[in-house]
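Fold and contact review
Listed below are the residues making up each chain.
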Amino acid sequence: TRRGGRVVQSCDVTMLNHSIQNNVDGSYFTSKSYSQYNAEQELQTFYKEITSWERMKKEGEIVGKIRVAAFLPYYIKEMDANNKSNNNNGGGDVRNQYEEDEAVAFYDYKFTMKSIDQMDAASL
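Figured I'd write up the structure that's included with this text.

About the criteria used
Residues numbered from 1 in each chain as written. Predicted model: local features only at pLDDT ≥ 70, side-chain atom pairs only at ≥ 80, totals over all residues. Heavy atoms only, no water. Helix = DSSP H or I, 4+ residues; strand = E, 2+ residues; numbered from the N terminus. Buried < 20%, exposed > 50% of the residue type's maximum accessible area, 1.4 Å probe, protein only. Contact = heavy atoms within 4.5 Å. Pairing = 2+ DSSP bridges. Axes fitted to C-alpha atoms, helices over the stretch in contact; angles between N-to-C directions.

Among the secondary structure elements, glutamate 61 is positioned in strand E4 (residues 61-71). Judged by its relative accessible area of 13%, glutamate 61 falls in the buried class. Non-local contacts of glutamate 61, meaning those with residues more than four positions away in its chain, are made with Glu54, Arg55, Met56, Thr112, Met113 and Lys114.

What the 5 strands build is an open sheet, ordered E1-E2-E3-E4-E5; its pairing is antiparallel. At either margin of the open sheet sits one strand with a lone partner, and together these are strand E1 (11-22) and strand E5 (105-114). Strand after strand, the sheet turns through a mean of 15 degrees between neighbouring axes, direction not considered.

As structure tokens, this is what we get:
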């Protein structure tokens, strides 16, 4: 429980992996996985960000979607033990094995980007 006063916390975020897929129609997709560590809470969490972008027929307009999937961490000692044994057997890094069906939360965003001229830019 926190009572009064200012609490300062910081976190360290590391990108674990990423991939990009370009399509013939001009759309593309990105997938990025992150590890986030909060030293004050001694908590490590993982999340995956999937983004899609598509150029619309209307000149200068791009629409996109972002989905962030948040995961509870596997028990860290178990991860370390599995990671060592997997790496010795040619397996992958356990941190990259989080799948969307294991997520405890999803955050979905949609956006539209439009091209602006110099006059519009100057008024910002």
